[in-house]
Amino acid sequence: MTPENQAISGQVSANKTVSWLDQEWPWWPLLPLYPYGQRRTLVRELIPNQIWSFEQLQGLYYVAVPVRLTVVKVPGGLMLFNPLPPTPELRRALADLEATHGNVVTIVLPTASGLEHKLSLPAMARAFPQAEVWVCPGQWSFPISLPSSWLGIPARRTKVLQEDGFPHPDSCTWLPLGPLDLGLGRFEEVACFHRASGAVLVTDALVGIEAEPPALFDLDPTPLLFHARDRGDQPLEDSPQARRRGWARVVLFATYLKPGPLVIPPLLEVLRNAFRPGTLSPKAHFGLFPFAWQPGWEAAAQERLGKNGPLLQIAPVLERLVFPRAKDVLLEWLDEMRRLKGMRWLVSAHFSDIVAFKPHHVRDLSESISRRPWAINQASWSFLGSVDQRLLNLGVVPKDPQAAFKD
Ligand SMILES: [Fe+2]
């Protein structure tokens, strides 16, 4: 977090004394991600009396990153942007905000494709039966396409962004990104510029990532310590250096899926280092550690991590799998954003909670996207590139992702 950010971001609750029942999320088998049925929520006020961040961890095989619900003060109450599992702990923190700022009046699911944001919408809608629900156009389910009402989205009080207008037009400006045809479904997300706070809210399209691990790991740094090691027979040891090292590797996994400087060792080697004294616990996965980091991993991580605060970026997984043939769509969206009067902050659904985001930041990002080679296949990008190429060859992904939506 930058010093600029620290001045406005206050931690509302560390939630260290809640019971496990308060953090229970019974619907976790729908998307079985770490930490499964137990979701701690970290609440922070990002902009006083205007914007709050509710964070939970979510990930696969300890590759856990923060996923965020943003709560916004709007006329008449509160708007929830990007739903999260409404555990008792989360609902209590929201009730505290409602007591001061008014009831939750709007719930927005601003993405068509982000499963991790979609799955908790039905539970969140049930938790606030009076709230109006708005969803991004083009909702889809995989492997079978089901109607929204079958997915538990309440039809009676649900509207579709853009098709039915937008919520709170007097205080928010809405900026759709997409749609793009991904073959199996579509990518689209709708950003929200909240004029009173100067904050632009997004889902997955833009993120800020910093070298310091997120505060959400303070209470349980296990995922970081697990990945900080080089072999499965090494015990999990805690230190600030180990946490930073583990975080840098988690960021590489989360942004590239399989980064270049990572080798998956042969099974026999993995088993040879497993089940050794000091690692015989579920926390250490009994010493099973199917990763061998190669020289150069630190340099690869530095490209994604901001040194003195969050580094604003489009995550490689989006660049290479969603926008490889649609750079212009992204640039047009950024251009629209740059013209917003009074924009100061970015709040996205992953990684850093608040990032300085003034017109010159957007201009710099656009120039860098225009100038540098886009959606490459080299080094850390090779796995993402090979996935894209395979999907293209199989005809799953269309060559022109906009063709299906042209008149
Ligand atoms: Fe996401």
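This text goes with the structure placed above it.
Definitions and limits used
Residues numbered from 1 in each chain as written. Predicted model: local features only at pLDDT ≥ 70, side-chain atom pairs only at ≥ 80, totals over all residues. Helix = DSSP H or I, 4+ residues; strand = E, 2+ residues; numbered from the N terminus. Buried ≥ 20, exposed ≤ 12 C-beta atoms within 10 Å, placed from the backbone. Contact = placed C-beta atoms within 7 Å. Expected span 1.5 Å × (residues − 1). Arc of directions from axis to C-beta. Axes fitted to C-alpha atoms, helices over the stretch in contact; angles between N-to-C directions. Parallel < 35°, antiparallel > 145°, perpendicular 65-115°, else oblique. Left-handed = near helix turned anticlockwise from the far one by under 90°. Nonpolar A, V, L, I, M, F, W, Y, C, P; charged D, E, K, R; others polar. Pairing = 2+ DSSP bridges. Right-handed = clockwise from strand over helix to strand, strands pointing away.

Looking at the overall build of the protein
Scanning the protein for helices and strands turns up twelve helices and 17 strands. Buried positions account for 41% of the 407 residues belonging to the protein. Of all intrachain contacts in the protein linking residues separated by at least 6 positions in sequence, the fraction that spans at least 24 positions is 71%.

Some points on helix 2 (residues 88–101)
With 14 residues, helix 2 ought to run about 20 Å at 1.5 Å a step, and its terminal C-alpha atoms sit 20 Å apart, in line with that. Looking only at helix 2, the buried set comprises Glu89, Leu90, Ala93, Leu94 and Leu97. On an axial view of helix 2, the arc spanned by its buried residues comes to 135°, and they lie on one face. Of the exposed residues in helix 2, the ones pointing more than 90 degrees away from its buried face are Ala95 and Ala99. Backbone geometry just after helix 2 places glycine 102 at a positive phi near 100°.

Points about the environment of arginine 244
Locating arginine 244 in the fold gives a position in helix 6 (residues 240–256). Using a count of 17 C-beta atoms within 10 Å as the deciding quantity, one classes arginine 244 as partly exposed. Look past the residues within four positions of arginine 244 in its chain and what remains in contact with it is Ala211 and Pro213.

Topic: the packing of helix 10 (residues 327–338) against helix 11 (residues 359–371)
Contact pair helix 10 / helix 11: the axes reach a minimum separation of 9 Å and the direction vectors enclose 165°. What the angle tells us is that helix 10 and helix 11 run roughly antiparallel. The handedness of the crossing between helix 10 and helix 11 is left-handed. On the side of helix 10, the interface is formed by Lys327, Leu330, Leu331, Leu334, Asp335, Met337 and Arg338, while helix 11 contributes Pro359, Val362, Arg363, Leu365, Ser366, Ile369 and Ser370. Its residues assigned to classes, the contact of helix 10 with helix 11 comprises eight nonpolar, two polar and four charged.

Digging into the sheet that holds strand 16 (residues 345–347)
If you walk across this open sheet you meet the five strands as 9-10-11-16-17, and the pairing is mixed. The open sheet is flanked by strand 9 (172–181) and strand 17 (355–356), the only strands paired with a single partner. In the sheet, strand 16 pairs with strand 17 via two bridges, with the strands oriented antiparallel. What sits directly across from tryptophan 345, in strand 17, is alanine 356. The sheet strands contacting helix 10 are strand 9 and strand 11 (199–201), and the helix crosses strand 9 at an angle near 175°.

A word on the pairing of strand 6 (residues 104–109)
Within strand 6, five of the six residues are buried, which leaves the element mostly enclosed by the surrounding structure. Running through helix 2, the crossover from strand 5 (residues 77–81) to the neighbouring parallel element strand 6 is right-handed. Direction of pairing for strand 6 relative to strand 7 (residues 132–135): parallel, over a ladder of four bridges. The partner of threonine 106 across the bridge, within strand 7, is glutamate 132.

Quick word on the pairing of strand 10 (residues 186–194)
Moving residue by residue along a regular strand, the side chains alternate between the two faces of the sheet. By the criterion of burial, strand 10 is predominantly enclosed, with nine of the nine residues buried. The two faces of strand 10 match: Arg186, Glu188, Val190, Cys192 and His194 on one face and Phe187, Glu189, Ala191 and Phe193 on the other face are all buried. Both strand 9 and strand 10 contribute to a ladder of eight bridges, which runs antiparallel. Pairing of cysteine 172 across the sheet is with histidine 194, part of strand 10. Between strand 9 and strand 10, which pair antiparallel one after the other, the connecting turn spans four residues, and glycine 183 there sits at a positive phi close to 85°. Across three bridges, the pairing between strand 10 and strand 11 is antiparallel. Residue pairing for strand 11: histidine 194 is matched across the bridge by alanine 199. Connecting strand 10 to the next strand, strand 11, in antiparallel fashion are four residues, including glycine 198 with a positive phi near 75°.

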